[in-house]
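Breakdown of the fold
Spelled out from the first residue to the last, the chains are:
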Number of protein chains: 2
Amino acid sequence: MIKSTDAGGSAVQVGAQSVYSQCITNHPRIIAVLGGTGNEGQGLALRFAAAGHRVIIGSRDAEKARTAAQQLNGRLERSLLEGSDNQAAVKAADVIILTVPYSVQRTTVEQVSAALGGKILIDATVPLKPPKVSRVQLPEAGSAVAAIQRMLGESVRVVSAFQNVSAHHLQDLDHAVDCDVLVCGDDVNAREVVVGLCGDIGMRGLHAGPIDNSAAAEALTSILISINSRYKSAGAGIRITNLPD
Amino acid sequence: MIKSTDAGGSAVQVGAQSVYSQCITNHPRIIAVLGGTGNEGQGLALRFAAAGHRVIIGSRDAEKARTAAQQLNGRLERSLLEGSDNQAAVKAADVIILTVPYSVQRTTVEQVSAALGGKILIDATVPLKPPKVSRVQLPEAGSAVAAIQRMLGESVRVVSAFQNVSAHHLQDLDHAVDCDVLVCGDDVNAREVVVGLCGDIGMRGLHAGPIDNSAAAEALTSILISINSRYKSAGAGIRITNLPD
């Protein structure tokens, strides 16, 4: 039996093949996942909760958030996640993860911006423009995430991460995710926190430069979608090679 | 002894640890490498020559090109490469690889455009803007390579490739290059030729969508430069994960 602990330190079993034996955080945080009812958000929420963080699913609809949290708790066989509306989730959290569709990225952030000051906003947004989601269509400003950093100003430390991680693999708790996380942000300390959070869920986060560099991760997602289709993959990812051990 | 063959089929030894035993092309082509006196160009020229293609180093200065070709022949211990000015190189070739700095990409292509019709132009250009080469600074149009396809029109099939491959590793003929090649282009058949050429030099080329998707590969290079600096790598690369065997 492989076990994990919740933020309070007590043991929780998350599956006989779970990868969490090595992923118990020593620094439990309160993490709000906005868009936590979507596939990517649910995958991240599950992994962070299983790793010992307190996770709050955020949604425009508090009831929908609570229902999603209950379902995820069912999968973890323990009540580790809560649900609330986006604003309450952000107020309670010290780290916020944004996993909403590009079309509502800006309005979602605007609605919670008053409570974001001093906190870390991890933005996983990919500027996909349906129906051509396998074609790179970056916004004129370059990066969708960098645009949010500029909108919010320096009081919020925006960090770009998780664009290239398959929701399918995130939700498959019995296996480690074979994908590196490119972590971009202008504040090195905030980036370091996010690199640490990646490690908590068994992934390798890599410092990938300033927030403008998020354009690369955002664009790469369309290539991965294209590759999934061409090569029949359930979720292609990336690894950075030739790094010293 | 591990051996390779030149385009004529006779054996050539390229080093006891060479990776070329499995890389003998069945479809030798005439490949012009414009910018073939630079590090990336020399690396590609060496690998393609050792794999059995006929390679012509192109440069604005024919004498400089011939000197570079001689030096590379010295490394291969056989006269496999020639040198000439860019225009003569393009005229003689059926595949052209462009590895010049971004600042001279457009003028170089303009100077040879009359001879490009019907051919495949593999553009490895990365729109780096010194001194901040570790910061993504894509051109306004999105991709530097897509801009060249638009400039040339449909008579030239432009394919984007090799942006993420370290010159250092390309030139180290004793080792395989641990990096996938993202191959983008609007013409699927031309892309397929380039995927095959990647295989000839022991690398995995992957169909990565239309020419606009080159923006991802171009942007990624700045992240790799940033990672090289932060993690002390001689040449970080990328691998796409979770593909079926």
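Residues numbered from 1 in each chain as written. Chains lettered and ligands numbered in written order. Predicted model: local features only at pLDDT ≥ 70, side-chain atom pairs only at ≥ 80, totals over all residues. Heavy atoms only, no water.

In the nomenclature of an unreviewed UniProt entry, chain A is known as NADPH-dependent F420 reductase of Noviherbaspirillum sedimenti.

On to the interface of chain A and chain B, then. Listed as interface residues are 41 residues of chain A and, on the opposing side, 41 residues of chain B. Contact between chain A and chain B buries roughly 3200 Å² in total, counting both sides, with carbon and sulfur atoms accounting for 60%. Along the contact surface separating chain A from chain B lie four salt bridges. Ionic pairing is found between Glu192 of chain A and Arg230 of chain B, a salt bridge with its closest N-O pair at 3.9 Å. (Contact = heavy atoms within 4.5 Å. Buried area = accessible area lost by both parts, 1.4 Å probe. Salt bridge = Lys/Arg side-chain N within 4 Å of Asp/Glu carboxyl O.)

What follows concerns the pattern of salt bridges. Side chains carrying opposite charge are able to pair once their charged atoms draw close together. Throughout the structure, instances matching the rule amount to 18 salt bridges over all chains. Residue Asp212 of chain A pairs with Arg135 of chain B through a salt bridge whose shortest N-O separation is 3.0 Å. With one member in each of two chains, Asp212 of chain A in the loop between strand S10 (205-207) and helix H8 (214-231) and Arg135 of chain B in the loop between strand S7 (120-123) and helix H5 (144-152) form a pair that bridges those chains. Given a relative accessible area of 21%, Asp212 of chain A falls into the partly exposed group. Judged by relative accessible area, Arg135 of chain B falls into the partly exposed class, the value being 27%. Across the pair Asp212 of chain B and Arg150 of chain B runs a salt bridge whose closest N-O atoms are separated by 3.5 Å. Of the two residues, Asp212 of chain B sits in the loop between strand S10 (205-207) and helix H8 (214-231) while Arg150 of chain B sits in helix H5, which places them 62 residues apart along the sequence. Shared partners join several salt bridges into a network, and the residues in it are Asp178, Asp180, Arg204 and Arg239 of chain A. (Helix = DSSP H or I, 4+ residues; strand = E, 2+ residues; numbered from the N terminus. Buried < 20%, exposed > 50% of the residue type's maximum accessible area, 1.4 Å probe, protein only.)

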